[in-house]
Amino acid sequence: MPTPAAPVPAPQADSDTAGPSGARTRSQHQRRKRIVQAAAALASRGGVEAMQMRTVAERAGVALGTLYRYFPSKMDLVVAVVGEELDLLETSIERRPPSALHPAGRAVDVLMRATRGLMREPELADALIRSLIMAEVDTPFGDRMAGLLLRVSGIREATDEEHALAGSLSSVWVHELLEMLRGRRTYEQIQHRIEIAAGRLFADL
């Protein structure tokens, strides 16, 4: 009598519902991070146009349906990549806080450090900045940058006016960075303009 064939194991589901909750949470976090890293890698080589959802899913090793559960649209994915870049910037600031004596100088340090970080991957920087300008979803970029500028300036409980000033400086920086990506500004020109804007905006802080 022939020996019964061993049962074929079912393929491992790319699902967020299986397993203990702790393991599931870690798995979800790792999967999300893998997706964001895959999207950033594609954008760094071909801009937002290269971040096709199917291509991102294939590079990250997840099912397309799984990708859409985490990020319902490409813009949601762009926002996540921006958030990852901001996480890296904030970690850098925590490890090596700006040393300038005045708030304006510390704000300039943060923005120029962010410029250097982004320009290491100019295609990615261009994709992110252009996408933020045309964003059709809420992005945390402006608020997070403004909050970071206020923190390095020593302001813990900012007034509405101080929030507006920090937001204005962040907007100036985004504009100047876009001009640099278009070849209309040098790094030195951006720094000079940011120093002027920060000096004027934070003069009374």
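Residues numbered from 1 in each chain as written. Predicted model: local features only at pLDDT ≥ 70, side-chain atom pairs only at ≥ 80, totals over all residues. Heavy atoms only, no water.

Along its length, the chain carries nine helices and zero strands. The order of helices and strands in the chain, counted from the N terminus, is α-α-α-α-α-α-α-α-α. Residues counted as buried form 40% of the 205 residues belonging to the chain. In the chain, 67% of the contacts between residues at least 6 apart in sequence involve partners at least 24 apart. By element, 52% of the accessible surface of the chain is carried by carbon and sulfur atoms, the whole surface being about 12,000 Å². (Helix = DSSP H or I, 4+ residues; strand = E, 2+ residues; numbered from the N terminus. Buried < 20%, exposed > 50% of the residue type's maximum accessible area, 1.4 Å probe, protein only. Contact = heavy atoms within 4.5 Å. Areas by Shrake-Rupley, 256 points an atom, 1.4 Å probe, with all protein chains shown as cover.)

Here the UniProt-annotated "DNA-binding region" (unreviewed entry) positions come out as residues 52-71. Its end C-alpha atoms 12 Å apart, residues 52-71 is made of 75% helix and 0% strand. (UniProt positions renumbered as here; feature names shortened; annotations may be inferred.)

Moving on: the pattern of salt bridges. Counting across every chain of the model gives nine salt bridges. Across the salt bridge formed by Arg113 and Asp109, the nearest N and O atoms sit 2.9 Å from each other. Within this pair, Arg113 and its partner Asp109 are both found in helix H5 (residues 103-119), separated by four residues, close to a single helical turn. In this structure Arg113 comes out as buried when scored by relative accessible area, which is 8%. For Asp109, a relative accessible area of 24% gives the class partly exposed. Across the pair Arg185 and Glu176 runs a salt bridge whose closest N-O atoms are separated by 2.6 Å. Comparing Arg185 with Glu176, the two get one shared label, buried. Connected through shared salt-bridge partners, Asp87, Glu90, Arg144 and Arg151 make up one network. (Salt bridge = Lys/Arg side-chain N within 4 Å of Asp/Glu carboxyl O.)

Attention now moves to the side chain of Ser153. Within the secondary structure layout, Ser153 lies in the loop between helix H7 (141-152) and helix H8 (160-181). Here Ser153 is in contact with Pro103, Arg106 and Phe202, once residues within four sequence places are set aside.

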